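Structural overview for review
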Amino acid sequence: MLVLIAAAAAPSELVTRWTYPLFAAGLVAAVCALALVRSGRFAVLAVLLLVGAQAGQAAATTAYADRQRLDRLDDYAPWGERQSEQAAAVARADGWPRYRTDPGAEQSTANDPLVVGGQGGAYYSSHTPDVTTRTFSALGGGWTSRGRALQSLDNPVTDAVFSVGARVHAPRDPHQVWNRPDGRPVTVTRQDVPPLVTVRPSAPGASGWGRSPFRNQEKLLGTPVYALPTTTLRSADGVVAADRNAYAYEVRPGAYTLRANCPAGSEVFLWTPDLFGTARLGGTGELLDVRGDLPARRAGMQPLGPGAGQVAVTLRAERAGTVPHESVGCLDPGRLASAVAGLKHTGATRITVSGSGVHAELPPRTRGVAVLAAPRIAGWSCDGRPADSYLGLVAVRVDGGRTTVDCTFRPPGLRAGTLAGAAALAALLAMTLGPAALTRVRRWRARP
């Protein structure tokens, strides 16, 4: 049977030059152990032989896995000057809970908010909630590690939705060998944003998310702020790129020009989740790295800069991929400012945050849906009932002129787990101390 398993595994990419020597050593150890047992003697030696073989194979496998992990996974520098400057910038800009401070899209690790502070959403976890990943993706967010490492989304609309009032901008990390040299200093940009709890007149309906992240952002914001122009994608020799399907162009390695028309005063944003290469607005804009390669990597929406009239985005694809037809969004800053002002007017007037919840005081006679700028993962409750979902965010209906909202988070199963643990501890104490206690009681009763 073992030989058949080994033969079936031979074509696998996981098989290396050390696989079969380790397999042979384990097989020999197993045969020798069986021979010792059949002889009726040396049973202890047989056990030691099997345990030693398994321990050796496990040690070799662990050493190989550790070596491959260093070669295949991301590598981050130890704490140094870069992280110190980033942490200091976050601390100076911090205004929690009036607004969030995001450590920035140019990460030092996959968990920058944990490392340098702030309240950004860029985290790595093998247990990232599905609603969090779907919400960030629908809004144009990027990821690595097949969705386990969400990236910060540098976008004024999503910053308004999630109350990101300060954002750190750091140079590209020189420890990552693929990054181009970057001499920019660490800076902080600020934005007028609504509070963590806002009020919407009604629920968004059951239609959910659409294909365009620009329209999804508008839906969550509650106001149209983008113009989505028709785009044309041509290769370097002027040939129009072929359609992959009804929604995207197909690209091969090479240079392309993406053209669109934006209204005057627009800020241009690019969404190409499956493009791996670079992008630049016109011939003088900043050269941006685009790291999309679905499904392993997803490139987030990126700001290209101001643009009016016909805009040309120079793309360079380093791998085969796709570019959506609606890949360019022209943001109207005036409309966004009006939307933010409206949400501030109806939003919470005071917010208090504890270790497990949020208390919000609302304007008098508030009616509608109060929305907390946090993903509605399992465990959230508001005013003593399971929280509702407003396009993936925590929500609760406020009627009857109520002026306060209390939302708390308790990990699912915490109460049941606590009761089960207490019962197990009680049983353990009873089994351990019970006989001794019973003996003492009997001795006490036996006294004259």
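The structure reproduced in this document is the subject of the present report. (Residues numbered from 1 in each chain as written. Predicted model: local features only at pLDDT ≥ 70, side-chain atom pairs only at ≥ 80, totals over all residues. Heavy atoms only, no water.)

**What about the sheet that holds strand S21 (residues 388-390)?**
What counts is decided by this rule: Two strands qualify as a pair provided DSSP detects at least 2 bridges between them. Think of it this way: any DSSP run of H or I at least four residues long counts as a helix, any run of E at least two long counts as a strand, and we number them from the N terminus. Axis geometry follows a simple rule: fit a line to the C-alpha atoms, using only the stretch in contact for helices, then measure angles between N-to-C directions, giving values from 0 to 180 degrees.
Reading across from one edge, S6-S18-S22-S21 is the order of the 4 strands in this open sheet, with antiparallel pairing throughout. The two strands at the open ends of the sheet, each matched to only one other strand, are strand S6 (197-200) and S21. Averaged over all adjacent pairs, the angle separating strand axes in this sheet is 40°, with direction ignored.

**Comments concerning the sheet that holds strand S19 (residues 380-382)**
Read from one edge to the other, the open sheet built from 5 strands follows the order S16-S17-S23-S19-S20, with strand pairing classed as antiparallel. Either end of the sheet is taken by a strand with one partner, and the two such strands are strand S16 (350-353) and strand S20 (385-386).

**With respect to helix H9 (residues 333-346)**
Every α-helix winds through 3.6 residues per turn, so residues three or four apart in the chain are directed the same way. Test applied: Multiply 1.5 Å by the residue count of a helix minus one, and that product is the helix's expected span. Per-residue accessibility, obtained with a 1.4 Å probe over protein chains only, is compared with the maximum for each type, and a residue is labelled buried under 20%, exposed over 50%, and partly exposed between these values. As used here, the arc is the angular range of directions from the helix axis to the C-beta atoms. A contact between two residues is defined here by any heavy atoms of the two lying within 4.5 Å. For the purposes of these results, a polar contact is taken to be a pair of N or O atoms within 3.5 Å, where, inside protein, one atom must be able to donate a hydrogen and its partner to accept one; residues adjacent in sequence count only when each atom of the pair is a side-chain atom.
Between the first and last C-alpha of H9 there are 20 Å, a value that for 14 residues agrees with the 20 Å anticipated at 1.5 Å per step. Listed in full, the buried residues belonging to H9 are Leu336, Ala339, Val340 and Leu343. The buried residues of H9 occupy an angular sector of 100° when projected down its axis, which confines them to one face. H9 presents Ser338 and His345 as exposed residues on the side facing more than 90 degrees away from its buried surface. Residues of H9 that are buried sit in contact with helix H7 (156-161), S6, helix H8 (213-221) and strand S15 (328-331). If you check the start of H9, you find a side-chain oxygen 2.9 Å away from the backbone N of Gly334, and it comes from Asp332.

**Digging into the environment of Val328**
Structurally, the position occupied by Val328 is in strand S15. Looking at Val328, the relative accessible area reads 1%, which means it is buried. Taking the C-alpha atoms as reference points, Val328 and Asn155, 173 residues apart in sequence, are found 14 Å from one another.

**Considerations on the environment of His169**
Mapped onto the elements, His169 comes out in strand S4 (residues 164-169). His169 sits in the partly exposed class, given a relative accessible area of 24%. Excluding residues within four positions of it along the chain, His169 makes contact with Asp154, Pro185, Val186, Thr187 and Thr189. One polar contact links His169 to Thr189, side chain to side chain, over a distance of 2.8 Å.

**As for the pattern of salt bridges**
Quick reminder of the rule: Salt bridge, as applied in this entry: a Lys or Arg side-chain nitrogen positioned within 4 Å of an Asp or Glu carboxyl oxygen.
Using the criterion set out here, one finds 17 salt bridges in the structure. The salt bridge involving Arg167 is made with Asp102; its shortest N-O contact spans 3.5 Å. Of this pair, Arg167 sits in strand S4 while Asp102 sits in strand S1 (residues 100-102), placing them 65 residues apart in sequence. Linking Asp293 and Arg319 is a salt bridge whose minimum nitrogen-to-oxygen distance equals 2.7 Å. In this pair, Asp293 is assigned in the loop between strand S12 (288-291) and strand S13 (302-317) and Arg319 in the loop between S13 and strand S14 (321-324), connecting sequence segments 26 residues apart. Overall, the relative accessible area of 25% leaves Asp293 in the partly exposed class. Through salt bridges with shared partners, a single network forms among Asp102, Asp154, Asp159 and Arg167.

Nothing here speaks to function; it is geometry throughout.
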